[in-house]
Amino acid sequence: MNRVIIEEKKLQHNIDVIKEKVKDITDDKGNPLKIIAVLKGNAYGMGNEIVAKKLLDNNISFFAVTEVEEALELRKKGFANEILVLNSTCIEEEIIQIINNELIATAGSIESIKKLNDLASEKNKTVKCHLKIDTGFSRFGFDAEELSGSKNKIAELKNTLNECKNIKLEGTYSHFRESYSNDERFTRKQLNKFLEVINVMKKYNIEVGLLHICNSSAFFKYKDMYLNAVRIGSAFTGRLQISNPTGLQRVGYLESQVCEIKDLKKGARVGYSGTYELKKDSKIAIVEAGYADRIWGHGSKRCI
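Computed from a predicted model, the values in this text were never measured in an experiment. (Residues numbered from 1 in each chain as written. Predicted model: local features only at pLDDT ≥ 70, side-chain atom pairs only at ≥ 80, totals over all residues. Heavy atoms only, no water.)

## A few points about the overall build of the chain
Item 1. Secondary structure summary: the chain contains 10 helices and 17 strands in total.
Item 2. Projected onto its principal axes, the C-alpha coordinates of the chain cover approximately 75 × 40 × 40 Å.
Item 3. Expressed as a percentage of its 304 residues, the buried residues of the chain come to 45%.
Item 4. Long-range pairs, those at least 24 residues apart, make up 61% of the contacts in the chain with a sequence separation of at least 6.
Item 5. Element-wise, carbon and sulfur atoms account for 46% of the exposed surface of the chain, whose accessible area totals about 16500 Å².
Item 6. For the chain, the separation between the mean place of its 48 positive charges and that of its 41 negative charges on side chains is 5 Å. (Helix = DSSP H or I, 4+ residues; strand = E, 2+ residues; numbered from the N terminus. Buried < 20%, exposed > 50% of the residue type's maximum accessible area, 1.4 Å probe, protein only. Contact = heavy atoms within 4.5 Å. Areas by Shrake-Rupley, 256 points an atom, 1.4 Å probe, with all protein chains shown as cover. Lys, Arg positive; Asp, Glu negative; His and termini not counted. Charge placed at Lys NZ, Arg CZ, Asp CG, Glu CD.)

## Quick look at the packing of helix H5 (residues 92–100) against helix H6 (residues 110–122)
Item 1. Orientation of H5 relative to H6, taken along the N-to-C sense of each, is 60°, at an axis distance of 10 Å. Judged by the angle between their axes, H5 and H6 are oblique. Crossing handedness for the pair H5 and H6: right-handed. Judged by residue contacts, Glu92, Ile95, Ile96 and Ile99 of H5 engage Lys115, Leu116, Leu119 and Ala120 from H6. (Axes fitted to C-alpha atoms, helices over the stretch in contact; angles between N-to-C directions. Parallel < 35°, antiparallel > 145°, perpendicular 65-115°, else oblique. Left-handed = near helix turned anticlockwise from the far one by under 90°.)

## Remarks on empty space enclosed by the protein
Item 1. In this structure the tally under the stated criterion is one cavity of 30 Å³ or more.
Item 2. Counted as a void, the largest cavity has a volume near 40 Å³.
Item 3. At three residues, strand E6 (residues 127–134) tops the list of elements feeding residues into the lining of the largest cavity. (1 Å grid on protein atoms, 1.4 Å probe; cavity = no way out; pocket = protein on both sides within 12 Å on 5 of 7 lines; lining within 4 Å. Points joined across faces, edges and corners; volume = space filled by probe spheres on them.)

## Observations regarding helix H4 (residues 68–76)
Item 1. Of all the residues in H4, the buried ones are Val68, Glu70, Ala71, Leu72, Leu74 and Arg75.
Item 2. Along its buried surface, H4 packs onto helix H2 (40–44), helix H3 (48–57), strand E3 (62–65), strand E4 (82–88) and H5.
Item 3. Of the residues flanking the end of H4, it is Gly78, one or two places downstream, whose phi is positive at about 100°.

The following block contains the structure:
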């Protein structure tokens, strides 16, 4: 049997570390910095219900997920707080679920705004929405350079939002591509592109709402980039791709079984592609766990 053990005390410790970093921090309007808890991938494998309850106990009540289905699962489990769906979508079935379950949509194109509005109008409802700005990730979002550099593009966005009476714009955000890197040049370039778009939107009297761009790595590296909110996901697990000390603790470990022990000679290569070469005669243990259990490896290292 394989199972992941989540240590609740360590999860609480990580929440405390994160909350301490934002303690007494306010945005340019004097509002407390908001933590948006990202619970995608079943809360990074920790179990969304367990983590969501712990977050609410710690007064963190704004959640975000990648897929609509993840948000619906939280709703079915009784979580009625704010949930932002990070994927922009024009798929009618997904938008209807967003509207019916009072989720917050992401709009990354003129088409997605219009589709959201049309379906909300049919139901005589208003749908909350955050705009996604693509500053270099090249995934979802309005192209930052087009919005800040083209009067036609920004005018089209303004006119669309003005016409769409069933859309309530509550936020604008972007996503860093490599905030974990020691080279911060591209991350700062992304931030500058985002802020340029925000300035142009304000110039055209477009409501920008809650501003957020920091993910977990950026949260621990770039305090000057916090804006109005930060999105924290993997930091709750204690596993980050950055080298500087964070004070976080890894919250989980894999419990498995040894199914066989065998003796191998020096020079034997172990595993696919002969990844690891034994430096001496060794006794090895074979553990019943692999890719199907979401374990991956590099060299001789294995992690969950």
